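Structural overview for review
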Amino acid sequence: MSNTVLRQLIKSWETVFTDSERQKVLEWISEKNQSIKTVIKKIPLSKSGFWFYDEERGEIRNKNNSFFQITGLQKYNGEEIVAEQPIIIQKEIGFLGILCKEIDGVLKFLVQAKIEPGNVNKIQISPTIQATKSNFLQKHGGSKPAYLNFFLNAENSTVIVDQIQSEQSSRFLGKRNRNIIIKTDDDIEVLPSHMWLTLGQLKELLKIDNLVNMDTRTVISCLPFSMFNLDESEKAELQKSFRDKTLFHSIFDEPEYNDFVCAYQYVNDYKMFQCCENRLVPLKELKSWHFTDEEISHQEQKNFCVIFCDIQIEGREVSHWSQPMFEALGSAVFGLITTEIDGKKKFLVHALPESGCFDQIEFAPTVQIEPGEMPKHFDLIAKLFFKLLENKSYVKADIILSEEGGRFYCEQNRNIILDVPKQAVEELPAGYFWLDFKTLNRMVQFNNCLNIQLRNLISLLEI
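Model, not experiment: these values are computed from the prediction.

**Here's the deal with the pattern of salt bridges**
- Throughout the structure, instances matching the rule amount to 27 salt bridges.
- Here Asp244 makes a salt bridge to Lys345, at a shortest N to O gap of 3.4 Å. Here Lys345 lies in strand S19 (residues 344–353) and Asp244 lies in the loop between helix H7 (232–239) and helix H8 (245–252), a separation of 101 residues in the sequence.
- The exposure class assigned to Asp244 is partly exposed, which follows from its relative accessible area of 21%.
- For Lys345, a relative accessible area of 9% puts it in the buried group.
- Within the structure, one salt-bridge network assembled from shared partners comprises Asp19, Arg22 and Glu204.

**Looking at helix H2 (residues 19–35)**
- For H2, spanning 17 residues, the distance from its first C-alpha to its last is 24 Å, which sits close to the expected 24 Å at 1.5 Å a residue.
- Inspection of H2 places Val25, Trp28, Ile29 and Lys32 among the buried residues, and these make up the whole buried set. Buried residues along H2 cover an arc of 90 degrees about the axis, so they all sit on one side. Residues Asp19, Ser20, Glu31, Gln34 and Ser35 are exposed on H2 and point more than 90 degrees away from its buried face.
- Of the surrounding secondary structure, the elements contacted by the buried residues of H2 are strand S7 (106–115), strand S8 (123–126), strand S12 (194–197) and helix H5 (199–205).

**Notes on the nonpolar core**
- Counting residues in hydrophobic clusters, the biggest one holds 80 residues, and the most contacted among them are Phe225 and Phe363.
- Sequence-distant contacts of Phe363, that is, excluding residues within four places in its chain, are made with Ala263, Tyr264, Val267, Val349, His350, Ala351, Phe433, Met443, Cys449, Leu450, Asn451 and Leu454.
- Ile43, Ile70, Ile88 and Phe308 belong to the second-largest nonpolar core, a separate cluster that totals 20 residues.

**Details of the packing of aromatic side chains**
- Following the criterion strictly, the structure yields 20 aromatic pairs and no others.
- Relative to Phe252, the ring of Phe242 lies with its centre 6.2 Å away and its plane at 90 degrees, an arrangement referred to as edge-to-face. You can see Phe242 sitting in the loop between H7 and H8 and its partner Phe252 sitting in helix H8, a full 10 residues away along the chain.
- When its relative accessible area of 2% is taken as the criterion, Phe242 is described as buried.
- Pairing Phe260 with Tyr264 gives two aromatic rings, centres 5.0 Å apart and planes at 50 degrees, and the pair type is tilted.

The rules we used
Residues numbered from 1 in each chain as written. Predicted model: local features only at pLDDT ≥ 70, side-chain atom pairs only at ≥ 80, totals over all residues. Heavy atoms only, no water. Salt bridge = Lys/Arg side-chain N within 4 Å of Asp/Glu carboxyl O. Helix = DSSP H or I, 4+ residues; strand = E, 2+ residues; numbered from the N terminus. Buried < 20%, exposed > 50% of the residue type's maximum accessible area, 1.4 Å probe, protein only. Expected span 1.5 Å × (residues − 1). Arc of directions from axis to C-beta. Contact = heavy atoms within 4.5 Å. Core = buried A, V, L, I, M, F, W, Y, C linked by side-chain atoms within 4.5 Å. Phe/Tyr/Trp six-rings, centres within 6.5 Å; stacked < 30°, edge-to-face > 60°.

Have a look at this one:
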């Protein structure tokens, strides 16, 4: 890609709404919420018809053995079970794709007003295309998603991002989706379900609780700002667009090589020497979980339960179906601490293993606290985070955002960014690292380095 693309991205990032443009988008969402009929209700598994518990395989699956399954996972340390849970097995890789195009001199992104069965507020702003492989291969009898051919024939356009990124590793086993952004010069018919927005306008909408969905957030977090080679005059020109000069230097100045090496050495040591082992087991063998026809729940009501739903949504490729869903028992907190070090913005990240992680461990936010996790179990950094949160002047973002609505039922979590003085965080425990944006952005250009919670927080950054 030429540096022209980078200049277009930065211009798009700094181009925000006029008052009338913002009102137009909010009215568009409101009208669709009022016009689309949805009926979503919890049902017993035995009433699903299409989904059932397979006694022989020990998993919940559908009659076509497609889409996804739910089975049991136990983590062993030697022969001791140290953790267990239901987990989603969804091996297929889906598209999370956004088309962009220069319109009237500004790069704009084609987004979709889409409803997922688990959305807490019906319509959310989604990528141009958001489809599992089963969806676009029409395994369930629905129509093909609009704009699919742009992504199936990406070589005919300018590919800005094309990465296979992880999803929630606390719920999925090795789940990944293809995050892809394509720039086209073709004429595009904009359907009533879609709208062009600049990157800056998307960032503004991210300040509204539960409006921009998780899939859009992860895709825009992958934009490759750090991957262009700029001379000093080009950097000086781009710097004029940044109100946050520390972020500019974090993106475009060369990173500390030792920071990169230390972070990767830690995760590579973990992958090489950790001794825990995951084993898939029948759901009914999970000793600390209760399996009934109504739900699968932890005996201490921790984190989440598995429920079963009957779903009717107008305007979808398939309008009536049933499926299991994961329902969180409360809200998680995902928090990212930033600071200025030598004129650069640095991000405090945590190398965090999770049960379903594709490659055992990924870089996560400063804190990633699941629903129901008790303060007595917090480490030193988590305790410090909540102490710093009391100082409102440190808060740069504090937004309630929904998790993926295709598998998770009404799950919304608190996403917080704190910008603090460097002296507020003293010596770091093992597994924590200060990294600049360029390092994180280079990592995200490769698969399975930054987890989805960290990528979502990065999507909130403002120019």
